[in-house]
Amino acid sequence: MRLSNLFFTTLRDDPADAEMPSHRLLLRAGYVRQLGAGIYSLLPLGFRVSKRVEQVIREELNAIGGQEMEMPVVHPADLWRESGRYFKIGPEMARFKDRADRDMVLAMTHEEVVADLLRDIVRSYRQLPFIIYHFQTKFRDEPRSRGGLIRVREFVMKDSYSCDRDEAGLDAAYWAHHRAYTRIFERLGLKAIPVSSDVGMMGGSLAHEFMFLHPAGEDVLVLCEKCDYAANRQIAPLTVAAPEAEDPLPMEEVHTPETTTIDALATFMGIPTSKTAKAVFMVTGDGRFVVAIVRGDFELNETKLTNAIKATGGMRPAQLDEILARGMQAGYGSPIGARDSVVVVDSLVAKSPNLVAGANKPGYHLKNTNVGRDYTPDVVADIANVREGDACPNCGSRVILRNGIEIGNIFKLGTDFTVPLGAEYLGEDGERHPIVMGSYGIGLGRNVACIVEAHHDEKGLVWPAEVAPYPAHLVAIGANKDPRVTEVAEQLYAAAAACGDASQVLYDDRNESPGVKFTDAELLGMPWILTVSSRSLAAGGVEVTERATGARSIQSIEQVTAFLEGRAATPA
RNA sequence: CGGGGCGUGGCGCAGCUUGGUAGCGCGCAUCGUUCGGGACGAUGAGGUCGGAGGUUCAAAUCCUCUCGCCCCGACCA
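Since this is a predicted model, take the numbers as computed values, not measurements.

Quick word on the overall build of chain A
For chain A, the count of helices and strands is 16 helices and 31 strands. For chain A, the spread of C-alpha atoms along the three principal axes comes to 95 × 65 × 50 Å. Expressed as a percentage of its 572 residues, the buried residues of chain A come to 51%. Taking contacts inside chain A between residues at least 6 apart in sequence as the whole, the part at least 24 apart equals 68%. When the accessible surface of chain A is totalled, it reaches about 25000 Å², and 50% of it is carbon and sulfur. Of the charged side chains in chain A, 61 are positive and 77 negative, and the gap between their average positions amounts to 2 Å.

Let's talk about the domain arrangement of chain A
Interfaces are often sized by the accessible area lost when the parts come together. Segmentation of chain A into domains returns domain 1 (21-188 + 416-452), domain 2 (252-381) and domain 3 (470-564). Using only C-alpha atoms to locate each centre, domain 1 and domain 3 end up separated by 40 Å. Taken together, domain 1 and domain 3 are joined by zero salt bridges. Taken together, the links from domain 1 to domain 3 amount to one residue pair in polar contact (both at pLDDT 80 or more). Secondary-structure elements contributing two or more residues to the side of domain 1 that touches domain 3 are helix 1 (21-28) and helix 2 (44-63). Residues that form the side of domain 1 that touches domain 3 fall into these classes: four nonpolar, no polar and two charged.

Thoughts on the packing of aromatic side chains
Within the structure shown, the criterion is met by ten aromatic pairs. A centroid spacing of 5.2 Å and a plane angle of 35 degrees characterise the contact between tyrosine 493 and tyrosine 507, whose relative ring orientation is tilted. A residue pair is termed long-range when its members are at least 10 positions apart, and tyrosine 493 in helix 13 (residues 483-498) and tyrosine 507 in strand 28 (residues 505-508) qualify at 14 residues. Across this residue pair, the class does not change: tyrosine 493 and tyrosine 507 are buried. Three or more aromatic residues joined by ring pairs make a cluster, and in this case those are Tyr174, Trp175 and Tyr440. The side chain of arginine 48 reaches across the aromatic face of tyrosine 470, ending 4.0 Å from its centre. Above the face of the tyrosine 86 ring, arginine 81 is positioned so that its terminal group lies 4.6 Å from the ring centre.

Topic: the sheet that holds strand 31 (residues 552-555)
With respect to topology, five strands assemble into an open sheet ordered 28-27-29-30-31, the strand pairing being mixed. Strand pairing shows two members of the sheet lacking a second neighbour, strand 28 and strand 31, which therefore form its edges. Across the sheet, the mean angle from the axis of one strand to that of its neighbour is 25 degrees, orientation sign disregarded. Note that strand 30 (residues 542-546) and strand 31 share four bridges and pair antiparallel. Considered in strand 31, the bridge of valine 542 is made with glutamine 555.

Some thoughts on the sheet that holds strand 5 (residues 95-97)
Strand order across the open sheet formed by three strands is 4-6-5, with antiparallel pairing between neighbours. Among the strands making up the open sheet, the edge pair consists of strand 4 (74-76) and strand 5. Taken over all neighbouring pairs, the strand axes of this sheet differ in orientation by 40 degrees on average, direction set aside. With three bridges joining them, strand 4 and strand 6 (residues 103-106) adopt antiparallel strand pairing.

As for the pairing of strand 21 (residues 399-414)
Most of strand 21 sits inside the fold, with 14 of its 16 residues counted as buried. The sheet contact formed by strand 10 (residues 206-213) and strand 21 spans eight bridges and is antiparallel. Across the sheet, phenylalanine 212 pairs through a bridge with isoleucine 405, a residue of strand 21. Two strands pair when backbone bridges link them, and strand 11 (residues 219-224) and strand 21 are joined in this way by six bridges, in the antiparallel orientation.

Parameters and conventions
- Residues numbered from 1 in each chain as written.
- Chains lettered and ligands numbered in written order.
- Predicted model: local features only at pLDDT ≥ 70, side-chain atom pairs only at ≥ 80, totals over all residues.
- Heavy atoms only, no water.
- Helix = DSSP H or I, 4+ residues; strand = E, 2+ residues; numbered from the N terminus.
- Buried < 20%, exposed > 50% of the residue type's maximum accessible area, 1.4 Å probe, protein only.
- Contact = heavy atoms within 4.5 Å.
- Areas by Shrake-Rupley, 256 points an atom, 1.4 Å probe, with all protein chains shown as cover.
- Lys, Arg positive; Asp, Glu negative; His and termini not counted.
- Charge placed at Lys NZ, Arg CZ, Asp CG, Glu CD.
- Domains from an automatic or database assignment.
- Salt bridge = Lys/Arg side-chain N within 4 Å of Asp/Glu carboxyl O.
- Polar contact = N/O pair within 3.5 Å; in protein donor to acceptor, adjacent residues only side chain to side chain.
- Nonpolar A, V, L, I, M, F, W, Y, C, P; charged D, E, K, R; others polar.
- Phe/Tyr/Trp six-rings, centres within 6.5 Å; stacked < 30°, edge-to-face > 60°.
- Lys NZ or Arg CZ within 6 Å of the ring centre and 35° of its normal.
- Pairing = 2+ DSSP bridges.
- Axes fitted to C-alpha atoms, helices over the stretch in contact; angles between N-to-C directions.

Structural data, given as structure tokens:
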């Protein structure tokens with residue numbers, strides 16, 4: 001491809017809106033353009049990267065027996081009513097009516113469509129198992145998109161679905177995906193850590209997320225310093241030992257002015273935060289008011305809380321008036337005196353004697369509160385966040401916390417969709433059984449962005465060869481001074497073009513100064529920069545620069561030609 | 001949804017406080033010179049100042065409403 005003809009432009013200045021390197025560089029180098037919040041166009045260069053990522057995924061999924069197909073983006077709402085998700089999912093699902101006034105939705109994912117196809121097509125156990133997948137657009141109206149391409153509302157995802165006779169089959173398909181994902185991320189140049197994760201709105205019994213470590217990641221991972229334990233903090237169990245038993249002391253109200261935070265309270269009382277109980281007021285999506293009690297030295301884990309009380313529709317912090325309406329007091333909140341509420345107490349609180357809790361009265365706390373004696377929780381469960389340095393649930397060593405970006409996930413769905421939709425097969429035993437499903441996703445754009453996060457420098461993009469839009473960037477310098485430069489450059493370009501894909505090389509044939517061409521070549525980030533100039537010709541051929549290392553050498557025209565024709569792995 | 005910020009030519013920005021003919025850098029076009037690290041000169045094109053309403057003799061500037069985008073949080077896979 002000649003740069004003089006490529007649909008792109010590079011920007012000298014950083015766009016004001018772009019903060020993350022991936023966002024900034026992909027905009028500046030002319031790979032993508034933003035259309036709206038969380039909605040992007042892929043320009044030809046960006047599209048080629050995306051297609052190459054797609055190809056890596058395709059190859060590895062085909063290798064585990066995946067069959068590629070395509071499912072629609074627009075679905076009848078009835079299908080989502082059948083699974084129940086039409087009612088469970090909030091405004092993040094786009095809903096509209098067609099001209100005949102039928103309710104329609106934009107696909108957020110495709111479990112329903114798969115289950116619908118299964119009930120239509122699968123009759124016998126002989127047709128199982130199989131894995132189907134597609135690359136398709138999803139729309140999720142996230143309340144907030146951020147970080148450029150990392151978190152968008154419209155995106156292409158590879159989603160695959162395993163369909164099995166039983167749990168054992170699902171298990172095999174699940175781990176086959178696990179292995180395929182490991183190979184995919186390796187090939188993409190992404191260090192991906194598989195972590196155990198919450199099953200979330202997908203339901204199911206087992207799930208892993210493949211995480212790319214990044215400070216801007218929205219998930220917190222719990223990683224063991226010693227062993228290979230790795231989990232999303234949303235589900236990492238708390239392993240903190242119960243404090244030593246104490247005799248319960250009489251409960252006592254104390255005046256504690258202006259101590260609306262745990263820190264202020266602990267300082268005022270002269271006690272460690274671990275001797276306090278913190279009340280967090282939440283409202284569930286299904287309308288319940290929750291008083292969650294964790295120890296003062298811990299934070300509430302909303303995912304654990306959600307699971308502990310089987311809340312649907314998520315959870316939000318309660319508003320002040322909602323708290324007051326139930327006779328409780330923000331800043332001095334307490335389970336004692338809670339009414340019209342679900343009281344959920346963290347397991348560790350239940351084992352910690354004589355804690356200082358709020359009195360539900362401004363300026364007052366209660367000393368020596370004890371679960372069971374002073375109040376009776378509706379639920380006792382592990383609802384607190386693991387902290388850095390806590391003990392690993394696996395080996396007991398210290399855990400560390402890191403932020404991560406989810407670049408892929410695998411879920412054991414089981415029969416969560418096939419039962420409600422009636423996707424069954426007739427087994428060898430002559431009985432009807434629901435098909436057992438798994439669901440596995442990888443977001444293309446997010447992976448592209450993470451590849452950039454992992455592979456760039458101050459000059460620009462540095463694509464791994466596996467996903468680079470072109471293997472090489474050919475730069476002609478001083479073409480109007482020395483006709484041989486044009487001659488050789490054109491000859492190299494023709495050699496690349498002649499071997500099938502006319503796009504083996506990006507050829508900067510523009511009438512630009514050397515500085516512009518070099519700067520753009522580095523910004524665009526092809527793995528090899530091939531410079532033809534009077535100087536290189538005098539030295540015996542083409543100057544070959546490896547983008548990643550900056551290593552330069554002069555190579556013969558024959559050698560470079562062999563590379564461009566695919567006969568040599570590298571030009572140097 | 002809460003908090004904060006920003007909308008002025010393709011990109012980055014000034015002008016707004018104190019109303020008075022819309023500016024700068026880069027980019028773009030043409031010509032010439034240049035050609036191994038974002039060249040130089042000359043000439044030129046390009047903007048309903050996000051939108052609507054209002055105040056005023058006069059609005060980019062003041063007021064009201066509204067739309068959009070970014071960041072933090074809530075939220076979400």
